[in-house]
Amino acid sequence: MDILKKDKDLDDYAIVVQNLTKRYGDVTAVDHISFEVKIGEIFGFLGPNGAGKTTTIRMLTGLIKPDEGRALVAGFDILKNPVEAKQRIGVVPEVSNAYIDLSAWKNLILIGRLYGVPQSKLKENAMSLLKEFGLYEVKDKAVRSFSKGMRQRLLLCMALINDPEVLFLDEPTSGLDVESARLLRDKVVQYNKEGRTIFLSTHNMEEANQLCCRIAVINHGKIAAIDSPENLKAKSMELQYVEVVFDKLVDLRNFSGSPDIIRISPVGNRLRVYTANPSAVVEFLVDFAKRNRLKILSINTMMPSLEDVFLKLIKGKEGFVK
Amino acid sequence: MSRLMEQFKRSLAIAEKNMRIYYLKGPVIIFGLLFPLFLTLAFIIGRNISLRELLPGLIGMTAFFTATAVGPSIVPWETRSRTLERLLCCPVTLWAIVLGDLLSSFVFGTIISIIPLLLTLSLDIGTLDFTILLIGLIVANLCFSALSVLLSAYPPTDVPATSMMVSSLVKFPVVFISGVFIPLEYLPQLGIAIASLSPLTYLVDLARHLILKNGFYPLTLDFVAIIAFTVLFMFIAVKLHEKGLVKRLS
């Protein structure tokens, strides 16, 4: 804690991670990662399968001990004061882990008791959460009979029963129907507006793009980039492209004359022309169409998507169709 | 102190949850009720001995089998259903989780083993001796429950049947070396030395003291030994569970 305090004013941060490392035998699952999450932020944590996302979340939520480094969660060192840190967080894990033999109500009461929520407040919280997430009518039914969406909503209720300062969500909308996924996303935004910090691990780029203030991309256990979605996209201007559709097929070799073109990839009947200078390429394509008596059916300048940036970060150029 | 009390309250919540979920699971019914029942019948039928002589062994065997029936399967079950991860995410220490499991085993064992204890009322053993026997039975149930959470710690499996099998491999030999069938005074020196390693020996000896008035060890030693085994089992159980967590969560 003292070492961390030297570097920054901890009062502004919900999570501070320094050199966190976890090894399983010879494999380094998480390799000296460092980052901070500000209070009130929705922080996205992206990475391919096996990149170290879940291991990082498990270390931050006190499930497993890191081999090196340290982490402060809600102002407490997760290694030195795990109970105090856990008291202030809520966790929605990747895999549903409510007690299926118990009812939704009994699950909530159990978790509330494990957080030491006073009895009167616990019943009030449980009732209001079940109503808010549309589970009140089925509160006495065993979770075994719940659909995946209902179980996921219950997990969020269980994570919120102690009114946490920081909410860890590990793939919360994975495999959900559109309605349930939207409900959960809306709730994430609502709880963030109420002042909670959200640590969101997701595979859904659009979700991360819409919800997150900042995003960290982890790959092979290392942080590949951290920034806002817009800044990440802006830093990857070589990923912007002009998408053009001609009325006839064209030979891609004819485009070699323009120095502004980085590469071209055909996608269906469209051509994606990657460039750092879209206006020059648009001029070139119009001129090219005139010279070759082609009609331009459509032409658009496209900014890189978060998915493009993600693929670039985790795979480099291999992520693109050349 | 208040922090300890807070954790203890959370252990009680875990114990209550275990009672709701695990008491009626098949393996618990088989190993905790049917097995001791049939073993008791085998122990009684065809033996021409009085109830007074039967009861020390019967009380010991019932307490031992019932108090060790629930514990071994809880952690493997919770590992498989990922609910262990849910518990560990909560502000609950590992010892509080283990204690919660121990308490649910203890309640199960105590409720069932009270039945043979009540039979001693027909023998007129005296109020004081009955009370001491009741206290001894409660402490022994705590001890056997601690053994049951120790049995759930290794191997760190997520298959309840594996854990049950391993615990049976330990439990049956323990019954045979603990003076249940043959009183300690009839055993050779080596037999006595082996019997002294079993916590069940001391409960049976304690019951023989109070029911038959001919215990092998002093009554105080029986109590001290049972308490020492309880602390030892609990300590090793927490350490082994701590060690096995990474494997369980992977």
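Residues numbered from 1 in each chain as written. Chains lettered and ligands numbered in written order. Predicted model: local features only at pLDDT ≥ 70, side-chain atom pairs only at ≥ 80, totals over all residues. Heavy atoms only, no water.

1. Thoughts on the sheet that holds strand S7 (residues 166-170) of chain A
Residues and elements named next belong to chain A. An order of S6-S7-S8-S3-S9-S10 is seen for the 6 strands of this open sheet, with the pairing classed as mixed. Only two strands of the sheet have a single neighbouring strand rather than two, namely strand S6 (89-92) and strand S10 (222-227). Across the sheet, the mean angle from the axis of one strand to that of its neighbour is 15 degrees, orientation sign disregarded. By the bridge criterion, 4 bridges tie strand S3 (residues 42-46) to strand S9 (residues 214-219) in an arrangement that is parallel. Paired with Phe-43 across the strands is Arg-214, a residue of S9. Contacting S3, S9 and S10, helix H11 (residues 306-315) crosses the sheet at an angle of about 35 degrees to S9. (Pairing = 2+ DSSP bridges. Helix = DSSP H or I, 4+ residues; strand = E, 2+ residues; numbered from the N terminus. Axes fitted to C-alpha atoms, helices over the stretch in contact; angles between N-to-C directions. Contact = heavy atoms within 4.5 Å.)

2. Quick notes on the pairing of S9(A)
Of all 6 residues that make up S9(A), 5 are buried, and the element is covered over most of its length. Between S9(A) and S10(A), which pair antiparallel one after the other, the connecting turn spans 2 residues, and A:His220 there sits at a positive phi close to 50 degrees. (Buried < 20%, exposed > 50% of the residue type's maximum accessible area, 1.4 Å probe, protein only.)

3. Observations concerning the domain arrangement of chain A
It is common to give the size of an interface as the accessible area lost on bringing the parts into contact. Considered domain by domain, chain A is made up of domain 1 (1-87 + 197-229 + 305-322) and domain 2 (241-302). Distance between the C-alpha centres of domain 1 of chain A and domain 2 of chain A: 39 Å. (Domains from an automatic or database assignment.)

4. Digging into the confidence of the model for chain A
Where the model shows low pLDDT, its predicted coordinates should not be examined in detail. Residues and elements named next belong to chain A. In this model, chain A carries a mean pLDDT of 88, and residues with pLDDT of at least 70 account for 95%. Mean pLDDT across the secondary structure elements of chain A bottoms out at helix H1 (residues 2-7), with 50, and peaks at helix H4 (residues 104-114), with 97. Across residues 317-322, where pLDDT falls below 50, the model places 11 contacts with residues more than four positions away in sequence or in other chains. (pLDDT = per-residue confidence, 0-100.)

5. Examining unusual backbone geometry
With an omega dihedral of 0 degrees, the bond running from B:Tyr154 to B:Pro155 counts as a cis peptide bond. Position of B:Pro155 among the secondary structure elements: in the loop between helix H7 (127-151) and helix H8 (160-177). Phi at A:Arg293 takes a positive value of approximately 50 degrees, unusual for a residue other than glycine. Assignment of secondary structure puts A:Arg293 in the loop between helix H10 (278-291) and strand S14 (296-302). A relative accessible area of 73% means that A:Arg293 is categorised as exposed. Although it is not a glycine, B:Lys213 adopts a positive phi angle of roughly 60 degrees. Mapped onto the elements, B:Lys213 comes out in the loop between helix H10 (199-212) and helix H11 (219-249).

6. Focus on the sheet that holds strand S5 (residues 76-77) of chain A
Residues and elements named next belong to chain A. Read across the open sheet, the 4 strands follow the order S2-S1-S4-S5; overall the sheet is antiparallel. Each end of this open sheet is capped by a strand with a single partner; those strands are strand S2 (27-38) and S5. Pairing between strand S4 (residues 68-73) and S5: 2 bridges, direction antiparallel. Looking across to S5, one finds that Leu-72 is bridged to Asp-77.

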